[in-house]
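# Architecture at a glance
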Amino acid sequence: MSKVKVGMVQMSCTGVQQDNLAKAIGGIKDAAAKGAQIVCLQELFTSLYFCDVEDYENFKLAEAIPGATTDTLGKLAAELNVVIIASLFEKRTQGLYHNTTAVIDADGSYLGKYRKMHIPDDPAYYEKFYFTPGDLGYKVFKTKFATLGVLICWDQWYPEAARITSLMGAEILFYPTAIGWATSQDEVTNNEQYNAWQTIQRSHAVANGVHVVSVNRVGLEQNGAMKFWGGSFVSNPFGSLIYKASHEDEETTVIELDLAKTDQYRTHWPFLRDRRIDSYQPITKRFIDED
C-alpha cells in the first residue's frame with residue numbers, strides 16, 4: 001500500500017491504570033472512526049510517568065508482554081481492523097523489567113515487541129532504576145498496512161538507532177515518548193529543548209528518507225512540577241512537518257502518509273547510495289581517543 005492513515009493518541013494520565021487504558025481505548029476507537037489504519041499510543045500510557053522517583057512500589061505497575069493489556073488491545077485491533085502500537089512496562093521475570101512496546105496487527109495477532117535500548121538517568125527521569133536495557137536489538141514489524149520501525153523516547157536522540165531500523169526496511173519510524181518541562185523552567189529553555197527534540201527526529205527522517213511519527217504525553221504530573229509538553233508530530237521523509245499537536249491539549253489525530261515519497265526522496269537525495277560503509281567501523285567505539 002502506498003498510502004496509509006496513521007492515528008496518534010496524545011493524552012494525559014492519572015494514577016489509575018484502568019482509567020488510562022479506557023482513555024487509550026477511546027482514543028483508538030476515535031482514530032479508527034476517523035479512518036486510521038495504524039494507531040500509536042504514547043510511552044507508558046497506562047500510568048503516570050513513575051520514573052520521577054526511585055520507588056520499589058512502582059514495580060507493581062509492570063505486566064507480562066504478551067499479557068492482559070495486549071490481549072485487550074488485540075481484540076480491539078481485530079474489531080476495528082487497525083494496527084496498534086502500545087508502550088508498556090514489561091515484567092519479564094522476577095527482578096527483570098523493561099520499557100517495551102508491543103505491536104498488534106490489524107487481525108488482532110501479537111506481532112512482537114521492541115525493548116527500549118537507550119535508558120536515561122536524569123533528574124525526574126530515573127529510568128535506570130526500573131528498566132534493563134533492551135536485548136532484542138532493533139526491530140521492524142510487517143503489519144497489514146506497512147512495515148513499521150518502533151523506537152522509544154530516549155532512543156530518539158541516537159541516529160544509529162534510526163539508521164539501523166531504517167536499513168532493516170522500516171517504512172515509518174514510530175517514537176512513543178514521555179518528555180516534558182520542569183514547571184520552574186523559563187520559556188526560552190523550554191523552547192530550546194522542544195526544538196532540539198523535534199529537530200533530531202526530523203533529521204532521522206531526512207537521513208533515512210522515511211516518515212517519522214512521534215507521540216508524546218501531555219499534562220501536569222509530579223504534583224505540578226512536570227508539564228509533559230505534548231507537541232506530537234509527523235515529519236515527511238525530507239523533514240517537513242505534516243502535523244504538530246498542541247502543547248496543552250489531549251488530541252487524537254489521523255494523518256495520511258504517502259509511503260511512495262520514500263522512493264522519490266531517496267532517488268533525488270541518494271544518501272543511502274553514498275554511504276561509505278567501509279569507513280564506519282570506528283562508530284562502535286565509545287570514544288575515539290586511541291589509534
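Here, the structure is the one placed above.
Small disclaimer: the values here were computed from a predicted structure and weren't measured.

## As for the sheet that holds strand 15 (residues 251-258)
If you trace the six strands from one edge of the open sheet to the other, you get 5-4-3-2-1-15, paired in mixed fashion. Each edge of the open sheet carries a strand with a single partner, namely strand 5 (110-115) and strand 15. Averaged over all pairs of adjacent strands, the angle between strand axes in this sheet comes to 30 degrees, irrespective of strand direction. Looking at chain direction, strand 1 (residues 3-10) and strand 15 are connected through eight bridges and run antiparallel. Of the residues in strand 15, the one forming a bridge with Val4 is Leu257.

## Concerning the packing of aromatic side chains
Tallied over the full model, the rule gives 26 aromatic pairs. Between Trp197 and Trp229 the ring centres are 5.6 Å apart and the planes differ by 70 degrees, which places this aromatic pair in the edge-to-face class. Pair noted here: Trp197 is in helix 4 (residues 187-208) and Trp229 is in strand 12 (residues 226-229), with a separation of 32 residues, a long-range link. Judged on exposure class, the residue Trp197 and its partner Trp229 are both buried. Plain terms: the ring middles of Trp269 and Phe271 are 6.3 Å apart, the flat faces sit at 50 degrees to each other, and that makes the pair tilted. What makes Phe271 partly exposed here is its relative accessible area of 35%. Every member of this aromatic cluster is reached through a ring pair, and the members are Phe50, Tyr56, Phe59, Phe89, Tyr97, Phe129, Tyr130 and Phe131.

## Digging into the pairing of strand 14 (residues 241-244)
The pairing of strand 13 (residues 233-235) with strand 14 spans three bridges and is classified as antiparallel. Its bridge partner lying in strand 14, Val234 is registered against Tyr243. Hairpin connection between strand 13 and strand 14: a loop of five residues separates the two successive antiparallel strands, and Gly239 in this loop has a positive phi of roughly 85 degrees.

## Brief notes about unusual backbone geometry
Here the residue pair Ile65 and Pro66 is connected by a cis peptide bond, since its omega of 0 degrees sits within 30 degrees of zero. By secondary structure assignment, the location of Pro66 is in the loop between strand 2 (38-41) and helix 2 (68-80). Phi angles above zero are rare outside glycine, and Cys153 is one such case at about 40 degrees. Mapped onto the fold, Cys153 is located in the loop between strand 7 (147-150) and helix 3 (159-167). Here the phi dihedral of Asn223 falls at roughly 55 degrees; this positive angle occurs in a residue that is not glycine.

## Digging into the side chain of Lys113
By the element assignment, Lys113 lies in strand 5. A polar contact is formed between the side chain of Lys113 and the backbone oxygen of Ile65, at a distance of 2.6 Å. Within the structure, Lys113 has its side chain in polar contact with the side chain of Glu90 (distance 2.8 Å). Excluding residues within four positions of it along the chain, Lys113 makes contact with Ile65, Glu90, Thr100, Thr101, Ala102, Leu136, Lys139 and Phe141.

What counts, and where the lines are drawn
- Residues numbered from 1 in each chain as written.
- Predicted model: local features only at pLDDT ≥ 70, side-chain atom pairs only at ≥ 80, totals over all residues.
- Heavy atoms only, no water.
- Pairing = 2+ DSSP bridges.
- Helix = DSSP H or I, 4+ residues; strand = E, 2+ residues; numbered from the N terminus.
- Axes fitted to C-alpha atoms, helices over the stretch in contact; angles between N-to-C directions.
- Phe/Tyr/Trp six-rings, centres within 6.5 Å; stacked < 30°, edge-to-face > 60°.
- Buried < 20%, exposed > 50% of the residue type's maximum accessible area, 1.4 Å probe, protein only.
- Polar contact = N/O pair within 3.5 Å; in protein donor to acceptor, adjacent residues only side chain to side chain.
- Contact = heavy atoms within 4.5 Å.

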